[in-house]
Amino acid sequence: MLGPVVVGVDGSPSSLAAVEVAAREAERRGVGLRLTHAIGRGAGGTPPGAAPWDPDGAAGRARMNSVLRAAEGRARREVPGLTISRDVLVGEPAAVLECAGRDAALTVVGSGPSRHRGLPRPSVGRLLGARGRGPVLVVRGRPARGGPVVLVDGGAPADRAAAEFAFAEAAGRGTELVVLTPRGGHPHSGRAMAPDLRTAYPDVAVRPRRVRGGTGRTLAEVSAGAQLVVVPARPRTSVLGAVPHATAGWSALRHAHCPVALVPTTAR
């Protein structure tokens, strides 16, 4: 049985847009929606939004309740009758969403960058793609109604989970699947061309396209007319805070004009 769709909520316009998308995704999958708000601890263990002289955290609770009420209102306007639950968890947002999303059908986040002590950090979507165990949908741009699902397929065995996800999305949306293959790769050699996937999804038309020029430029061009870009997330980390280096997934988060699904190699 599929778990709920989990969405990160912080009250920003980006996260509220993600709530609307998450509500539609939950309806499409026939599951509930779980609104998740993370409270990071500041100096001295005081959550942001709560004054140090407010020992019972009344100000912080009021802000949290306001944020979650607004998010729930957005979701119910989008999909009336949807089953919605709320969670307030303490911790760094990406770590909280990673844990909350382990049994989720999908984890949805906005595309805005996170911040820590005034310094910009990689977006929660990037961090989740590097650490997560399930698919992560990063809401950005504007999906083209009736456009294809685009899969960035490097042809590696580890890309199988992304190919399966992309086929399922194309079938559920009633659209074709465009498969981007890297320069030098054969346009019919990727995992998306596996015979069993073609058999399992006979109604999905597959159109291969080879990347020409830079990957970012090609993604920008193709995604402008797409509903969704699906990318296998093979995380690589640096020694400075486990921040992922540039890969096709991170390039998609920079250049795509529509939502991007990051599917880790460990995705179910």
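Residues numbered from 1 in each chain as written. Predicted model: local features only at pLDDT ≥ 70, side-chain atom pairs only at ≥ 80, totals over all residues. Heavy atoms only, no water.

### A look at the sheet that holds strand β9 (residues 177-181)
Okay, so step 1: On the basis of which strands lie adjacent, the open sheet formed by 10 strands has the order β3-β2-β1-β4-β7-β12-β11-β8-β9-β10 and mixed pairing. Looking at strand neighbours, the two that pair on one side only are β3 (84-90) and β10 (206-210), the edges of this open sheet. Strand-to-strand twist of the sheet, defined as the mean angle between neighbouring strand axes without regard to direction, takes the value 25°.
Okay, so step 2: Both strand β7 (residues 136-139) and strand β12 (residues 260-264) contribute to a ladder of 3 bridges, which runs antiparallel. From the neighbouring strand, Leu-137 faces β12, where its bridge partner is Ala-261.
Okay, so step 3: Helix α5 (residues 160-173) contacts β4 (106-110), β8 (149-152), β9, β10, β11 (228-233) and β12 of the sheet and is inclined by roughly 165° relative to β11. (Pairing = 2+ DSSP bridges. Helix = DSSP H or I, 4+ residues; strand = E, 2+ residues; numbered from the N terminus. Axes fitted to C-alpha atoms, helices over the stretch in contact; angles between N-to-C directions. Contact = heavy atoms within 4.5 Å.)

### Side note on the pairing of β12
Okay, so step 1: Counting buried positions over the 5 residues of β12 gives 5, a clear majority of the element.
Okay, so step 2: Judged by which residues are buried, β12 turns out to be covered on both faces: Val-260, Leu-262 and Pro-264 on one side and Ala-261 and Val-263 on the other are all buried.
Okay, so step 3: As paired elements, β11 and β12 share 5 bridges and run parallel to each other. Counterpart to Val-229 in the pairing with β12 is Val-260. (Buried < 20%, exposed > 50% of the residue type's maximum accessible area, 1.4 Å probe, protein only.)

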